[in-house]
Amino acid sequence: MKKKIISVLAVVAMLVFACGTAFSAEFSIDLKGIKDTIKKDVKNAKSGSTTGTAKAAAANTEPNSEDDFDWKVNDDFTEITITKYKGTRKDVVIPATIQDVPVVCIGYNAFSCTGITSVVIPEGIKEIEYGAFSYNNIQSIEIPKGCTLKKCAFSTCSELESVTLPEGLKVIPDRCFEDCTSLANIDFPSTLKFIGFEAFKGCPFTSVDLPEGVEYIGWNVFISNTITSVSLPKSLKWVYYYNANSPNIKSDNISTITIAEGCAPKAIGGKEGMDGRDIIKGASIDKSLKLQKQLAAWKLTQYEYKKDKDALKKDLMSYGFTEEEAKDKL
């Protein structure tokens, strides 16, 4: 770098000498600018940052200004909820604090339809509310540990390809990832207990492999003709049955079904004599006597309100639902 500086200055000196005094007086300003630029390049080279692109990349990891958000604070000034994103940045970094108060919640529809393409959610966010990020082009999302999700939180994010769910998460609520038409796979945490209705409807999963520990699935949870295999765990206790046109899992290309031995859930809202054909449906099943016989052998017990409501309510509250929320699902 020193040789480069010396050679540049030498060339400049020769030009000044050749062009005369009048030119040299005017050119001395440019010469100083050249010196400063070279010094800056040397400094940047030592620090590992030599380009404007690097600076831009670094800026994109900086939290957005508080002016990019509407927000509200709780009564004792200890927690902030972001209520609306009004910034212009497409790559959003949510600040962990605003005016030294922790940001703990992303509010109702706060980022919905804003056109953001990426978002970093900081540790400390406790809740992502209804529709918070719906209708955007986000490609990946990482949910921080300790955060809970509400209905429709990421619905219709058509570019969403990758979701990281933290250990400790128990509930994937109703319609949470509905119509995320690029989301072909997701790793479920071992702590997961509840998957609400239409949570992954329209997601192009190739397989539905629910881990041991899942206890509740709603209706129309997995509806996509890309699904070819289904695996259900022994832990499954509750299956919400809506009607004959809304099975829990449906695909016209299912070829393999695995139901763990001892898997015998109760059908909430179901009818007497229910079996697996009410829960898993598809044209490929209709054409396969083997699959039909397998599903017919998987018997479900009808949920009885007077007998079973207390047990279901207890389970729902153990997943994190409030008493009122639990009552609504009985």
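Residues numbered from 1 in each chain as written. Predicted model: local features only at pLDDT ≥ 70, side-chain atom pairs only at ≥ 80, totals over all residues. Heavy atoms only, no water.

*Asks:* How should I be thinking about the overall build of the chain in this particular structure?
*Replies:* The helix and strand tally for the chain stands at eight helices and 22 strands. Here the chain holds 330 residues, and the buried ones make up 42% of them. (Helix = DSSP H or I, 4+ residues; strand = E, 2+ residues; numbered from the N terminus. Buried < 20%, exposed > 50% of the residue type's maximum accessible area, 1.4 Å probe, protein only.)

*Asks:* What am I meant to see in the sheet that holds strand S21 (residues 280-281) here?
*Replies:* Paired through their backbone hydrogen bonds, the strands of a sheet run either parallel or antiparallel. Pairing within the open sheet is parallel, and its three strands lie in the order S15-S18-S21. With one partner strand each, in any of the chains shown, strand S15 (222-223) and S21 form the two edges of the open sheet. (Pairing = 2+ DSSP bridges.)

*Asks:* How should I be thinking about helix H6 (residues 289-296) in this particular structure?
*Replies:* Three or four residues apart is the spacing at which side chains of an α-helix point the same way, because the helix has 3.6 residues per turn. Those residues of H6 lying buried are Leu291, Leu295 and Ala296. For H6, the buried positions fall inside an angular range of 135° around the axis, keeping them on one side. Summarising the geometry of H6, the exposed residues directed more than 90 degrees from the buried face are Leu289, Lys290 and Lys293. Where the residues of H6 are buried, they touch strand S19 (256-259), helix H4 (276-279), S21 and helix H5 (283-286). (Arc of directions from axis to C-beta. Contact = heavy atoms within 4.5 Å.)

*Asks:* I would appreciate a short explanation of the nonpolar core in the present structure.
*Replies:* As a rule of thumb, nonpolar side chains are buried together in soluble globular proteins. Counting 69 residues, the largest nonpolar core has Ile128, Phe133, Phe177 and Phe200 as its most contacted members. Among the elements of the structure, strand S2 (80-85), strand S5 (101-106), strand S16 (229-232) and H6 are those that each provide at least two residues to this core. If sequence neighbours within four positions are ignored, isoleucine 128 has contacts with Ile106, Ile121, Phe133, Ile143, Cys147, Thr148, Leu149, Lys150, Ala153 and Phe154. Residues Tyr216, Leu312, Tyr319 and Ala326 belong to the second largest nonpolar core, which totals eleven residues. (Core = buried A, V, L, I, M, F, W, Y, C linked by side-chain atoms within 4.5 Å.)

*Asks:* In this structure, what is going on with a nonpolar patch on the surface? I would like to understand it.
*Replies:* A cluster of nonpolar side chains, contributed by Trp71, Val73 and Phe77, occupies part of the molecular surface with about 290 Å² of accessible area. Relative to the helices and strands, tryptophan 71 resides in strand S1 (residues 69-73). (Patch = residues over 30% accessible without salt bridge, like charges linked within 9 Å, V, L, I, M, F, W, Y side chains within 5 Å. Areas by Shrake-Rupley, 256 points an atom, 1.4 Å probe, with all protein chains shown as cover. Salt bridge = Lys/Arg side-chain N within 4 Å of Asp/Glu carboxyl O.)

*Asks:* Would you mind showing me how to read the packing of aromatic side chains here?
*Replies:* Each aromatic ring pair is characterised by the separation of its centres together with the angle its planes make. Counting across every chain of the model gives 18 aromatic pairs. Ring plane angle 0° and centroid distance 4.6 Å describe the contact between phenylalanine 197 and tryptophan 219, whose orientation is recorded as stacked. Of this pair, phenylalanine 197 sits in the loop between strand S12 (194-195) and strand S13 (207-209) while tryptophan 219 sits in the loop between strand S14 (216-217) and S15, and the two are 22 residues apart along the sequence. Each member of the pair, phenylalanine 197 as well as tryptophan 219, carries the same accessibility label: buried. Measuring from centroid to centroid gives 6.1 Å for tryptophan 238 and tyrosine 303, while their planes differ by 75°, and the two rings are edge-to-face. With tryptophan 238 in strand S17 (residues 238-240) and tyrosine 303 in the loop between strand S22 (301-302) and helix H7 (305-319), this residue pair connects regions lying 65 residues apart in the sequence. On the basis of relative accessible area, tryptophan 238 is assigned to the buried category, the value being 5%. (Phe/Tyr/Trp six-rings, centres within 6.5 Å; stacked < 30°, edge-to-face > 60°.)

No statement about biological role is implied by the geometric values presented.
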